[in-house]
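# Examination of the molecular architecture
What follows is the residue order along each chain.
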Amino acid sequence: QQPVQSPQAVILREGEDAVINCSSSKALYSVHWYRQKHGEAPVFLMILLKGGEQKGHDKISASFNEKKQQSSLYLTASQLSYSGTYFCGTVGNNNDMRFGAGTRLTVKP
Amino acid sequence: DTGVSQDPRHKITKRGQNVTFRCDPISEHNRLYWYRQTLGQGPEFLTYFQNEAQLEKSRLLSDRFSAERPKGSFSTLEIQRTEQGDSAMYLCASSLFAGTNGYTFGSGTRLTVV
């Protein structure tokens, strides 16, 4: 029931773009995205609800295709502060969230 | 509001001992969640409460683990007869029922079983 994230790791230069994918084998009610920096708690980025919506948050945006049970996180013009591990969390009909294994993003100068 | 508070931040215990962790959620949040995270992995769901009711408990969780939220405010997570495999970061999070604002996580309690 744990969603699958890809890629496992990404290394970028400042200003480059990245896409992180999240897929689930079960029907989803919503998808959450979180970023966790080393030694810190996960921090909420955004939530996408059933209905195939797309959201943006500064230069970070995401889409949710409920039919395919997939979500993607888009990071454009990456900054050093974007470094961290990104987790998707999927919520099904039972209302509890399962996290993927994470994608480690490193942005270099 | 100071966010989600967890206590203690670190706990070292000997194998076989019992430990209890506390979580104080954001006061207006009616949902409270416990997760466990090991190095390099995503948070693993343990259990969650809506107000004082425990609505779901992970099947992966052995009966050595128990959680309470007696008055729908703070919560405790107890691990009995700790094992080395219990060593992990234990994260608490809270949210509003509607969930459109996501979960707010505490800083976690790092448990080391020696």
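For the structure itself, look to the data block above.
Because the structure is predicted, anything quoted here is derived from the model rather than measured.

### Here's the deal with the pairing of strand 3 (residues 18–23) of chain A
All names here are of chain A. Alternating residues of strand 3 divide into Ala 18, Ile 20 and Cys 22, all buried, and Val 19, Asn 21 and Ser 23, none buried. One ladder, built from 3 bridges, connects strand 1 (residues 4–6) with strand 3; its direction is antiparallel. Bridging across to strand 3, Gln 5 finds its partner in Cys 22. Pairing geometry for strand 3 and strand 8 (residues 70–75), over 6 bridges, is antiparallel. Residue pairing in the sheet places Val 19 in a bridge with Tyr 74 of strand 8.

### Quick notes on the state of the cysteines
Defined simply, a disulfide is a covalent bond joining two cysteines at their sulfur atoms. On inspection of all chains with the given rule, the structure shows 2 disulfides over all chains. Between Cys 22 of chain A and Cys 88 of chain A runs a disulfide, and the two sulfur atoms are separated by 2.0 Å. Because the sign of the S-S torsion sets the handedness, a value of about 70° for the bond joining Cys 22 of chain A and Cys 88 of chain A places this disulfide among the right-handed ones. Of this pair, Cys 22 of chain A sits in strand 3 while Cys 88 of chain A sits in strand 9 (residues 84–91), and the two are 66 residues apart along the sequence. There is no split in this pair, since Cys 22 of chain A and Cys 88 of chain A are both buried. Between the sulfur atoms of Cys 23 of chain B and its disulfide mate Cys 92 of chain B the distance is 1.9 Å. Across the S-S bond linking Cys 23 of chain B and Cys 92 of chain B, the dihedral sits near -65°, which makes this disulfide left-handed. Here Cys 23 of chain B, found in strand 3 (residues 19–24), pairs with Cys 92 of chain B, found in strand 9 (residues 88–95); they are 69 residues apart in sequence, far enough to count as distant. Cys 92 of chain B shares its class with Cys 23 of chain B; the two are buried.

About the criteria used
Residues numbered from 1 in each chain as written. Chains lettered and ligands numbered in written order. Predicted model: local features only at pLDDT ≥ 70, side-chain atom pairs only at ≥ 80, totals over all residues. Heavy atoms only, no water. Buried < 20%, exposed > 50% of the residue type's maximum accessible area, 1.4 Å probe, protein only. Helix = DSSP H or I, 4+ residues; strand = E, 2+ residues; numbered from the N terminus. Pairing = 2+ DSSP bridges. Disulfide = S-S within 2.5 Å.

Geometric descriptors of this kind do not, in isolation, establish any biological role.
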